[in-house]
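Breakdown of the fold
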Amino acid sequence: MHARADALTENAASWPEDIFAILQRFDVRQVPYVPDAGHSQLIERVLGASSMRAVPLTTEEEGVALLAGAWAGGQRGVLLMQSSGVGNCVNMLSLTQIFRFPFLTLVTMRGEWGEFNPWQVPMGSSTQGVFELSGIKVLRASHPDEVREVVEAAAGQAYNACTPTAVLLSQRLIGAKVFTK
Amino acid sequence: MSKANLLERRSVVSGLLAERKDAIVVGGLGASTYDIAAAGDHDRNFYLWGAMGGAVMIGLGIALAQPKLPVVVITGDGEMLMGIGSLATVGLQKPENLTIVVLDNEVYGETGGQASHTAATVDLVGVARSCGIADARAIATMADIEAFSPLMQDVSSGPRFVSIKIDSANLERVLSSRDGQFTVTRIRGALGFGPI
């Protein structure tokens, strides 16, 4: 975890900034998350934003329920998590169909593209399928220069059309986690 | 296991909600939702018929979005246990307008009365307090219910957590709407938010 976080600090990527700007533009107010190194730069920006409430979770499904409540109370939100957390959400994802609320989640992928840890592979391999079986539209970004348009499209359809949407941020984009040098 | 002098759930909930004013009330899956419906349908009632473990987090999302409105989550011990981590999340956020009420009958009443963890070991008040919810208490009498009810209106002294041991009688179900879109749209409408 530290290796990837350090790499981001030393050489800050621009795509997390693109995402942050889109979230601001769509008036996203609640940002529940379970930390992931791939989201660390965005989480830092959210924690520093007066217009956004960062909500650290103990498990990802809490975030789905939180966003349903936020919508009932008149606010938009986005759930930040890693692919391994998607499985933790499955029953709670029912809420996206029950309430038809504007659900958006940004998922950093593990278990693909040069993965070192085999324990990440099963959930990483089924992440897209789990979302699709749960009625969530899936978009993917694999290169820095496509993140903005993909997240913009996802936010547009989630918030404007109440179409629950997940964006998978590929491990190719964020870099495989380095365990040994 | 039957215990003397336990409170009756419908009296507890109707007592808590008698002077609810503008409060938004979230009912956890199961009998808590029936209790809230029995106390009277309301356009600020958020009935859950699923999403077990999600009641407190839904309440937190509303509470953060509407910090000037009292938000009350009323749920059961089984539903609370499934979402026990959400007490840690609430303890961190400290929403001053949120009250969490657990109606603790120590059983899973909807599924045949199997014992829950609170029957033997788990002290939910202790859990809530150690999660950072300083105002965590147990209430055991109707007089204390009456005294507590006005506190739920105070949006600057929460979050607060209350465990109320109730008898485990299965009462006749009072069915609320099961239509989630209707429920949420109605609450949003009451708060002045229209459809997309």
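Parameters and conventions
- Per-chain numbering applies: the sequence of each chain, read as written, is numbered from 1 onward.
- Chain labels run from A onward and ligand labels from 1 onward, assigned in the order the entries are written.
- Where local features are concerned, this predicted model is filtered to residues with pLDDT of at least 70; where side-chain atom pairs are given and counted, the filter is 80 or more; whole-chain, interface and lining totals use all residues.
- Secondary structure is summarised from DSSP: a helix means a run of H or I of at least four residues, a strand means a run of E of at least two, and numbering begins at the N terminus for each.
- Partly exposed residues are those falling between the two cut-offs: more than 12 but fewer than 20 other C-beta atoms within 10 Å of their own, whereas 20 or more means buried and 12 or fewer means exposed, with C-beta atoms placed from the backbone.
- By definition, residues are in contact whenever their C-beta atoms, placed on the basis of the backbone, come within 7 Å of each other.
- The nonpolar core criterion groups buried Ala, Val, Leu, Ile, Met, Phe, Trp, Tyr and Cys residues into a set whenever they are joined through C-beta atoms within 7 Å.
- Axis definition: a line fit to C-alpha positions, over the contact stretch in the case of helices; interaxial angles, taken between N-to-C directions, run 0 to 180 degrees.
- When describing relative orientation, an angle under 35 degrees is termed roughly parallel and one over 145 degrees roughly antiparallel, while 65 to 115 degrees is termed roughly perpendicular and anything else oblique.
- The crossing is said to be left-handed when, going from far helix to near helix, the turn is anticlockwise and less than a right angle, and right-handed when the turn is clockwise.
- As a working rule, the residues Ala, Val, Leu, Ile, Met, Phe, Trp, Tyr, Cys and Pro are called nonpolar, Asp, Glu, Lys and Arg charged, and the rest polar, with Gly in that last group.
- A pair of strands is considered paired only if DSSP assigns at least 2 bridges between the two.
- Per residue, pLDDT measures the predictor's confidence, with a range of 0 to 100.

Once that is clear, we can look at the overall build of chain B. A tally of regular secondary structure across chain B gives eight helices and eight strands. Looking at chain B residue by residue over its 196 residues, the buried ones come to 49%. Taking as baseline every contact in chain B between residues at least 6 positions apart, the subset at least 24 positions apart corresponds to 75%.

Moving on, we come to the nonpolar core. Ranked by size, the top nonpolar core spans 106 residues in total, and within it Ala 68 and Val 167 of chain A together with Val 101 of chain B carry the most contacts. It is helix H3 (residues 55-65) of chain B that contributes the most residues to this core, nine residues altogether. With residues near it in sequence (within four places) discarded, Ala 68 of chain A still touches Leu 95, Phe 99 and Phe 101 of chain A together with Ile 58 and Gly 61 of chain B.

Turning our attention to the packing of helix H1 (residues 9-17) of chain B against helix H2 (residues 31-38) of chain B. In helix packing, the relevant descriptors are the interaxial angle and the interaxial distance, both defined with respect to the helix axes. All names here are of chain B. It is at 9 Å that the axes of H1 and H2 come closest, and there the two elements cross at 55°. In terms of orientation, H1 and H2 fall into the oblique class. Seen along the crossing, H1 lies across H2 with a hand that is right-handed. Along the contact surface, H1 presents Arg 9, Arg 10 and Val 13, while H2 presents Ala 31, Asp 35, Ile 36 and Ala 38. Per-class residue counts for the contact of H1 with H2 are four nonpolar, no polar and three charged.

Chain B puts 27 residues into the contact, and the matching count from chain A is 27 residues. Secondary structure elements with two or more residues in the side of chain B that touches chain A: H3, helix H5 (85-93) and helix H8 (180-190) of chain B. Of the residues forming the side of chain B that touches chain A, the biggest block, eight residues, is contributed by H3 of chain B. A breakdown of the residues in the side of chain B that touches chain A according to their chemical character gives 15 nonpolar, eleven polar and one charged.

On to the environment of Pro 102 of chain A. All names here are of chain A. One can find Pro 102 in the loop between helix H6 (94-99) and strand E5 (104-108). Pro 102 sits 70 residues away from Pro 32 along the chain, and the two C-alpha atoms are 15 Å apart. Residues contacting Pro 102, with those up to four places away along its chain left out, are Trp 71, Arg 76, Ala 158, Tyr 159 and Cys 162.

To continue, consider the sheet that holds strand E2 (residues 45-47) of chain B. All names here are of chain B. In spatial order, the strands read E2-E1-E3-E4-E8-E7; together these six strands make up an open sheet with parallel pairing. Of all strands in the sheet, those bounded by a partner on one side alone are E2 and strand E7 (135-139). Along the sheet, successive strands turn relative to each other by an average axial angle of 15°, direction set aside. Relative to E2, strand E1 (residues 24-27) runs parallel, the two being bridged by three bridges. In the sheet register, Val 26 faces E2, and the bridge partner there is Phe 46. In the packing of H1 onto the sheet, contacts are made with E1, strand E3 (71-76), strand E4 (98-104) and strand E8 (160-165), and the angle to E4 comes to roughly 165°. Lying on the sheet, H2 is in contact with E1, E2, E3 and E4; it crosses E3 at an angle near 130°.

Attention now goes to the confidence of the model for chain B. When the pLDDT values of chain B are averaged, the result is 96; 98% of them are 70 or greater. As a predicted assembly, this complex carries a pTM of 0.96 together with an ipTM value of 0.97.

This part covers H3 of chain B. Since the α-helix advances by 3.6 residues per turn, residues separated by three or four positions end up pointing in the same direction. Most of H3 of chain B is tucked away: eleven of the eleven residues are buried. Taken residue by residue, H3 of chain B has Ala 55, Val 56, Met 57, Ile 58, Gly 59, Leu 60, Gly 61, Ile 62, Ala 63, Leu 64 and Ala 65 of chain B as its buried positions.

Attention now goes to the environment of Gln 93 of chain B. In this structure, Gln 93 of chain B sits in helix H5. The sequence separation of Gln 93 of chain B and Met 82 of chain B amounts to eleven residues, and the corresponding C-alpha distance is 20 Å. Once residues within four sequence positions are removed from consideration, Gln 93 of chain B is found in contact with Val 55 of chain A together with Leu 60 and Leu 64 of chain B.

This part is about unusual backbone geometry. Glycine aside, negative phi is the norm for most residues, and most peptide bonds take the trans geometry. Geometrically, the link from Gly 158 of chain B to Pro 159 of chain B is a cis peptide bond, its omega value of 0° lying close to zero. Take Pro 159 of chain B: it is sitting in the loop between helix H7 (142-148) and E8. Not every positive phi belongs to a glycine, and Cys 162 of chain A is a case in point at roughly 50°. Along the polypeptide, Cys 162 of chain A turns up in the loop between helix H8 (144-161) and strand E7 (165-169). Of note in the backbone geometry, Lys 21 of chain B takes a positive phi value of approximately 55° without being a glycine. In this structure, Lys 21 of chain B sits in the loop between H1 and E1.

Residues and elements named next belong to chain A. With respect to the helices and strands, the residue Gly 38 is situated in the loop between strand E1 (28-33) and helix H3 (40-47). Looking at Gly 38, the number of C-beta atoms within 10 Å reads 28, which means it is buried. Note: C-alpha distance between Gly 38 and Met 109 (71 residues apart in sequence) is 8.4 Å. The residues contacting Gly 38, other than those within four sequence positions of it, are Thr 108, Leu 169 and Ile 174.

So, on to the pairing of E5 of chain A. Residues and elements named next belong to chain A. Of all the five residues making up E5, five are buried; the element is thus mostly covered by neighbouring parts of the structure. Neither face of E5 is left uncovered, since the one carrying Leu 104, Leu 106 and Thr 108 and the one carrying Thr 105 and Val 107 both have all their residues buried. Alignment of strand E4 (residues 79-82) against E5, held across four bridges, turns out to be parallel. Paired with Met 81 across the strands is Val 107, a residue of E5. Where E5 lies against E7, five bridges are found, and the strand directions are parallel. Along E7, the bridge assignment pairs Thr 105 with Ala 166.

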